Structures are given as C-alpha cells and as structure tokens.
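Letter by letter, the chains look like this.
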Amino acid sequence: MTIKESRRSIKQWEREFKHFNQPINGKVEDGYNYYSQDIEIDAIAFSNLMLKTYFKEQLIILGPIKKPVAIRAKKSLISSNLLQLMNIEIIL
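Residues numbered from 1 in each chain as written. Predicted model: local features only at pLDDT ≥ 70, side-chain atom pairs only at ≥ 80, totals over all residues. Heavy atoms only, no water.

S.K.: Tell me about the packing of aromatic side chains, residues and numbers included.
M.R.: A complete count under the given rule lists 2 aromatic pairs for this structure. With 5.8 Å between their ring centres and 85° between their planes, Phe20 and Tyr34 make a pair best called edge-to-face. Taken as a pair, Phe20 in the loop between helix H1 (7–18) and helix H2 (32–35) and Tyr34 in helix H2 lie far apart in primary sequence, 14 residues in all. Judged by its relative accessible area of 29%, Phe20 falls in the partly exposed class. Relative to Tyr35, the ring of Tyr34 lies with its centre 5.4 Å away and its plane at 65°, an arrangement referred to as edge-to-face. Put simply, the rings of Phe20, Tyr34 and Tyr35 pair up and form one aromatic cluster. (Phe/Tyr/Trp six-rings, centres within 6.5 Å; stacked < 30°, edge-to-face > 60°. Helix = DSSP H or I, 4+ residues; strand = E, 2+ residues; numbered from the N terminus. Buried < 20%, exposed > 50% of the residue type's maximum accessible area, 1.4 Å probe, protein only.)

S.K.: Tell me about the nonpolar core, and name the residues and values.
M.R.: If you look at the biggest cluster of nonpolar residues, it comprises 6 residues: Ile41, Ile44, Ala45, Ile61, Ile65 and Val69. It is helix H3 (residues 38–55) that provides the largest number of residues to this core, a total of 3 residues. Excluding residues within four positions of it along the chain, Ile65 makes contact with Tyr32, Tyr35, Ser36, Ile41 and Ile44. (Core = buried A, V, L, I, M, F, W, Y, C linked by side-chain atoms within 4.5 Å. Contact = heavy atoms within 4.5 Å.)

S.K.: Now, about unusual backbone geometry: what can you tell me, with residues and values included?
M.R.: Despite not being glycine, Lys56 has its phi angle at roughly 55°, a positive value. Within the secondary structure, Lys56 sits in the loop between H3 and helix H4 (66–74).

S.K.: Could you give an account of the pattern of salt bridges, with specific residues and numbers?
M.R.: Counted under the stated rule, the structure contains 2 salt bridges. With a closest N to O distance of 2.6 Å, Arg72 and Asp42 form a salt bridge. Separated by 30 residues along the polypeptide, Arg72 in helix H4 and Asp42 in helix H3 bring together distant segments of the chain. Assigned by exposure class, Arg72 and Asp42 land together as buried. (Salt bridge = Lys/Arg side-chain N within 4 Å of Asp/Glu carboxyl O.)

Okay, here's the thing in structure tokens:
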C-alpha cells in the first residue's frame, strides 16, 4: 500500500527543511516559530501516536500547537494504519 501526501505538504516540508527555524538561543521553549513548523507538528503528532499505541501514554501538548497537532493526527499519514504498514515493533 502506498501512503500519499499532498503536493502542498511536500512543498511545505521542502521549504521548512531549506529554511529551518532553530530554537532561539538553543532553548526550544523560546521558539514558537520552531514548534509551529509543519515538520515539527508532524513529528509531535507521530511521536504522540507512537506513545499512545505502544505505551498507552500521550504527550502533553500545550498552547497554540495543540490544535494543529490534533488536526494532523487525524490525517492519513498519522494513523494506526501507518504503523501496520511500517511493521513497527517495539522491543523493551
């Protein structure tokens, strides 16, 4: 099975990789521009999915990124089907 992303998403990821916003002064907590990047939203949504699926835990997602993360989690890339396709196994 193939997982497809929109051209818009792929173009946005390309832009963000080329012009990545680093945390301010090396402190992630200072960097709204860092957290609000689509690639970071995707990473947070995926990390939360992994935690919920394998450890029955979830991230505490605060502030202005909470809604974008929730929206991204509902999209096709970040779904339980993805885990099956990737054949991910966690060994503790």
